[in-house]
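Structure assessment
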Amino acid sequence: MATINSVLGPIDTSDLGFTLSHEHVLECSAGIQHLYPEFIDREGTIKKAVGIFKKAYAEGVRSIIDVTTIDLGRDIGVLEQVSRESGVHIICATGVWLDIPRAFWVATPDMIAPLFIREIQDGIEGTGIKAGIIKVANGDDGVTPEGEIILRAAARAQIATGVPISTHTGARGRVGEEQLRIFEEEGVDPSRVYIGHSDNTDDMDYLSGLAEKGAYIGLDGLRVAGNSPGTPDFRQRIDIVVKLIEAGFADRIMLGHDWSVLGDMFGGKEARRETERHNPNGYLVISREVIPRLRQMDVPDETIAQIMVENPRRFFEEG
Ligand SMILES: [Zn+2]
């Protein structure tokens, strides 16, 4: 048992329950809500999100890890209100995604790490709401010089605070290996690292290598449609889950949808509508479609509970 920070304050890890490992509520770009509020429907998004998460709660979802960073338009007020009104625990993130602020490109890791540490220990934007996870991102082209600054800063913040790291990873470029190498150089225990978007590849050699090192494998693209072209489809993603279980890594897997209530940055409004049309279950694809399929494929209920409940809990407790 341990205490971690949710957007409503400290909770015991045993209260996490059924946890979605990589999600968003509102995705946009840094500063938009404050500077150009008319650009997005913030209030409408909150209302819609509360309804969606109440339904998710009623179907057993107890927690989400929201990995929205400043450059994805992190809006701490939205997360706080949605959690309070829906009952779903939300763990929020410090760190940086792919749109690394130019000002950070010429900084050192030791200039950035204290910013992440402050958001974990003191709070975000003067709210007192503390980050419970550190998010970093490196695409298929690998770790860029500015990306490496963020990785090392994240590693130092991890060691200083004990809070784990969640990555966006270009799986097809085996970028998880590069991320782990840098984290290990910094002294981070791989068991404190979640390598996200790992189901964008079915390369079992790559995936089991990460799991053998002790990292968590994030299989978080579980949508019926709407993933990047050239990556595994929905059925293949479920097969990856089963293959990793069969290979003995049930204790290293976490599942998510990388879903959002508002987020049309990838392909625009038309593409978003299409994705929604194919995924009417949104945050409930795992509950309603993936888990029944796993049961059909003879995955025992204890293993499903291990993946959805015990692994997230242990991820926050280890180290
Ligand atoms: Zn994401």
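Structure first, text after, so check above.
This one's a predicted model, so the numbers in the text were calculated from it and none came from an experiment. (Residues numbered from 1 in each chain as written. Predicted model: local features only at pLDDT ≥ 70, side-chain atom pairs only at ≥ 80, totals over all residues.)

Observations concerning the overall build of the chain
Scanning the chain from N- to C-terminus turns up 12 helices and 11 strands. Over its C-alpha atoms the chain spans a radius of gyration of 18 Å, differing by no more than 12% from the 20 Å that the globule rule assigns to 319 residues. The dimensions of the chain, computed from C-alpha atoms along their principal axes, are 50 × 45 × 40 Å. The long-range fraction of contacts in the chain, counting pairs at least 24 apart against all pairs at least 6 apart in sequence, stands at 81%. (Helix = DSSP H or I, 4+ residues; strand = E, 2+ residues; numbered from the N terminus. Rg over C-alpha atoms; globule rule 2.2 N^0.38 Å. Contact = placed C-beta atoms within 7 Å.)

Details of the nonpolar core
Among the nonpolar cores identified, the biggest contains 91 residues, and A154 and I217 are the most heavily contacted of them. Sorting elements by how many residues they give to this core places helix α6 (residues 145-161) first, with 7 residues. Apart from the residues lying within four places of it in its own chain, the contact partners of I217 are I195, S198, L207, L210, A211, L244, F249, R252 and I253. (Core = buried A, V, L, I, M, F, W, Y, C linked by C-beta atoms within 7 Å. Buried ≥ 20, exposed ≤ 12 C-beta atoms within 10 Å, placed from the backbone.)

With respect to the pairing of strand β1 (residues 3-6)
Judged from the 4 bridges that link them, β1 and strand β2 (residues 9-12) form a sheet pairing that is antiparallel. Of the residues in β2, the one forming a bridge with N5 is P10. Hairpin connection of β1 to β2: 2 residues between the antiparallel strands. (Pairing = 2+ DSSP bridges.)

Notes on the sheet that holds strand β6 (residues 93-95)
Two pairing modes exist for strands in a sheet, parallel and antiparallel, and in both the strands are linked by backbone hydrogen bonds. Strand order in the open sheet made by the 6 strands is β6-β7-β8-β9-β10-β11, with parallel pairing throughout. The open sheet is flanked by β6 and β11 (253-255), the only strands paired with a single partner. Pairs of neighbouring strands in the sheet enclose a mean axial angle of 30°, with direction left out of account. Sheet strands in contact with α6 are β6, β7 (133-138) and β8 (165-169), and its direction is about 160° off that of β7. (Axes fitted to C-alpha atoms, helices over the stretch in contact; angles between N-to-C directions.)

Side note on the sheet that holds strand β5 (residues 89-91)
If you walk across this open sheet you meet the 3 strands as β3-β4-β5, and the pairing is parallel. Two strands close off the open sheet at either side, each with one partner strand: β3 (19-23) and β5. The mean angle between the axes of side-by-side strands here comes to 20°, regardless of whether they run parallel or antiparallel. The sheet contact formed by β3 and strand β4 (residues 63-66) spans 3 bridges and is parallel. Its bridge partner lying in β4, L20 is registered against I64.

Description of unusual backbone geometry
Here E125, not a glycine, exhibits a phi torsion of approximately 50°, which is positive. Tracing the backbone shows E125 in the loop between α5 (109-121) and β7. The class of E125 is partly exposed, set by 13 C-beta atoms lying within 10 Å. The phi angle at D298 is positive, at roughly 70°, despite the residue not being glycine. Tracing the chain through its elements places D298 in the loop between α11 (285-296) and α12 (301-317).

What to know about helix α3 (residues 76-86)
Of the positions making up α3, those classed as buried are I76, V78, L79, V82, S83 and S86. The buried residues of α3 all sit within an arc of 160° when viewed along its axis, so they share a single face. Residues of α3 that are buried make contact with β1, α2 (42-58), β4 and β5. Looking one or two places after α3, you find G87, whose phi comes out positive at around 90°. (Arc of directions from axis to C-beta.)

Observations regarding the packing of α2 against α3
Their axes nearest at 9 Å, the elements α2 and α3 cross at an angle of 40°. Considering how the two elements wind past one another, α2 and α3 form a crossing that is right-handed. Here R42, T45, I46, A49, V50, F53, K54 and Y57 of α2 come into contact with α3, specifically with V78, Q81, V82, E85 and S86. Across the contact of α2 with α3, the residue classes break down as 7 nonpolar, 3 polar and 3 charged. (Left-handed = near helix turned anticlockwise from the far one by under 90°. Nonpolar A, V, L, I, M, F, W, Y, C, P; charged D, E, K, R; others polar.)

By themselves these figures say nothing about function.
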